[in-house]
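# Notes for the structure review
If you want the building blocks of each chain, they are given just below.
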Amino acid sequence: MTRTSFTALCHRDRVVLKAVAAGRCHIAAEVGVVLTIDGMGCCDQLVGARLSQAGLIAIDGARPGPARLTAAGRAVLDAA
(Lines give C-alpha, C1' and ligand atoms only; values in the text may rest on other atoms or scores of the structure.)
Protein backbone atom coordinates (compact mmCIF):
# COMPACT_ATOMS: atom_id res chain seq x y z
CA MET A 1 0.00 0.00 0.00
CA THR A 2 1.56 3.26 -1.07
CA ARG A 3 -1.40 5.60 -1.17
CA THR A 4 -4.63 5.87 0.77
CA SER A 5 -7.61 7.77 -0.52
CA PHE A 6 -9.56 10.08 1.73
CA THR A 7 -12.54 7.73 1.79
CA ALA A 8 -10.36 4.77 2.87
CA LEU A 9 -9.40 6.48 6.13
CA CYS A 10 -11.34 5.62 9.22
CA HIS A 11 -12.36 8.14 11.87
CA ARG A 12 -9.41 7.13 14.07
CA ASP A 13 -6.96 7.80 11.23
CA ARG A 14 -8.36 11.31 10.79
CA VAL A 15 -8.17 11.98 14.54
CA VAL A 16 -4.53 10.87 14.61
CA LEU A 17 -3.77 13.11 11.63
CA LYS A 18 -5.28 16.03 13.57
CA ALA A 19 -3.07 15.17 16.56
CA VAL A 20 -0.01 15.08 14.28
CA ALA A 21 -0.99 18.47 12.84
CA ALA A 22 -1.28 19.84 16.39
CA GLY A 23 2.26 18.67 17.20
CA ARG A 24 1.11 16.09 19.75
CA CYS A 25 2.66 12.99 18.13
CA HIS A 26 6.14 11.54 18.14
CA ILE A 27 7.54 8.56 16.29
CA ALA A 28 9.49 6.31 18.65
CA ALA A 29 12.94 4.90 18.00
CA GLU A 30 11.61 1.35 17.90
CA VAL A 31 11.25 -0.85 14.82
CA GLY A 32 8.33 0.16 12.63
CA VAL A 33 6.39 3.37 13.00
CA VAL A 34 5.31 3.46 16.64
CA LEU A 35 3.37 6.62 17.47
CA THR A 36 3.02 8.23 20.84
CA ILE A 37 0.34 10.83 21.40
CA ASP A 38 0.80 13.21 24.31
CA GLY A 39 3.60 10.93 25.52
CA MET A 40 1.48 7.78 25.63
CA GLY A 41 1.45 4.86 23.22
CA CYS A 42 -1.37 4.98 20.68
CA CYS A 43 -4.02 2.31 21.30
CA ASP A 44 -4.00 1.43 17.59
CA GLN A 45 -0.56 -0.12 17.22
CA LEU A 46 -0.74 -0.08 13.41
CA VAL A 47 -1.97 3.47 12.80
CA GLY A 48 1.54 4.91 12.54
CA ALA A 49 2.60 2.37 9.95
CA ARG A 50 -0.68 2.71 8.08
CA LEU A 51 -0.43 6.52 7.84
CA SER A 52 3.27 6.42 7.05
CA GLN A 53 2.89 3.86 4.27
CA ALA A 54 0.03 5.91 2.85
CA GLY A 55 2.39 8.88 2.67
CA LEU A 56 0.36 10.99 5.10
CA ILE A 57 2.88 11.34 7.94
CA ALA A 58 6.66 11.39 8.12
CA ILE A 59 9.54 12.33 10.39
CA ASP A 60 12.34 14.76 9.66
CA GLY A 61 15.74 13.37 10.53
CA ALA A 62 16.50 10.52 12.88
CA ARG A 63 14.16 8.85 15.33
CA PRO A 64 12.81 9.46 17.84
CA GLY A 65 11.26 12.70 16.78
CA PRO A 66 8.07 14.59 16.13
CA ALA A 67 5.74 13.27 13.47
CA ARG A 68 4.72 15.73 10.80
CA LEU A 69 2.04 15.80 8.14
CA THR A 70 3.15 15.44 4.56
CA ALA A 71 1.52 17.51 1.81
CA ALA A 72 -0.83 14.57 1.17
CA GLY A 73 -1.70 14.37 4.88
CA ARG A 74 -2.46 18.10 4.94
CA ALA A 75 -4.66 17.71 1.85
CA VAL A 76 -6.63 14.91 3.53
CA LEU A 77 -7.27 17.07 6.59
CA ASP A 78 -8.19 20.09 4.51
CA ALA A 79 -10.72 17.99 2.59
CA ALA A 80 -12.36 16.68 5.77
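Sequence order as written defines the numbering, with residues in each chain counted from 1. Local features in a predicted model are, by the rule used here, given only for residues with pLDDT of at least 70; side-chain atom pairs are given and counted only at 80 or more, and totals for whole chains, interfaces and linings are based on all residues. The side-chain quantities take in all heavy atoms of the structure and omit both hydrogens and water.

### Here's the deal with the confidence of the model for the protein
- Averaged over all residues, the pLDDT of the protein equals 85, while 91% of them reach at least 70.
- Looking at any residue, its pLDDT shows the predictor's confidence there, from 0 to 100. Secondary structure elements are defined from DSSP: runs of H or I of at least 4 residues count as helices, runs of E of at least 2 residues count as strands, and each element is numbered from the N terminus. Looking across the protein, the model is least confident in strand S3 (residues 40-41), with a mean pLDDT of 88, and most confident in helix H1 (residues 11-21), with 94.

### Considering the nonpolar core
- Take the buried residues of types Ala, Val, Leu, Ile, Met, Phe, Trp, Tyr and Cys, join any two whose side-chain atoms come within 4.5 Å, and each joined set is a nonpolar core. Note on exposure labels: buried denotes an accessible area under 20% of the residue type's maximum, exposed denotes more than 50%, and partly exposed covers the range between, all computed with a 1.4 Å probe on protein chains only. Of all hydrophobic cores here, the largest spans 20 residues; its most connected members are Leu17, Leu35 and Leu51.
- Elements with a contribution of two residues or more to this core: H1, strand S1 (25-27), strand S2 (35-37), helix H2 (47-53), strand S5 (65-69) and helix H3 (71-79).
- Leave out the neighbours within four places in its chain, and Leu17 touches Leu9, Leu51, Leu56, Ile57, Leu69, Val76 and Leu77. Should any heavy atoms of two residues lie within 4.5 Å, those residues are considered in contact.

### What about unusual backbone geometry?
- The backbone of Asp38 sits at a positive phi, close to 55°, despite the residue not being glycine.
- With respect to the element layout, Asp38 can be found in the loop between S2 and S3.

### A closer look at H1
- Buried residues of H1: Asp13, Val16, Leu17, Ala19 and Val20, and no others. For H1, the buried positions fall inside an angular range of 160° around the axis, keeping them on one side. In H1, the exposed positions angled more than 90 degrees off the buried face are occupied by His11 and Lys18.
- Packed against the buried residues of H1 are S1, S2, H2, strand S4 (57-59), S5 and H3.
- Just downstream of H1 lies Gly23, where phi reads positive at about 80°. This arc is built from the directions going out from the helix axis to the C-beta atoms.

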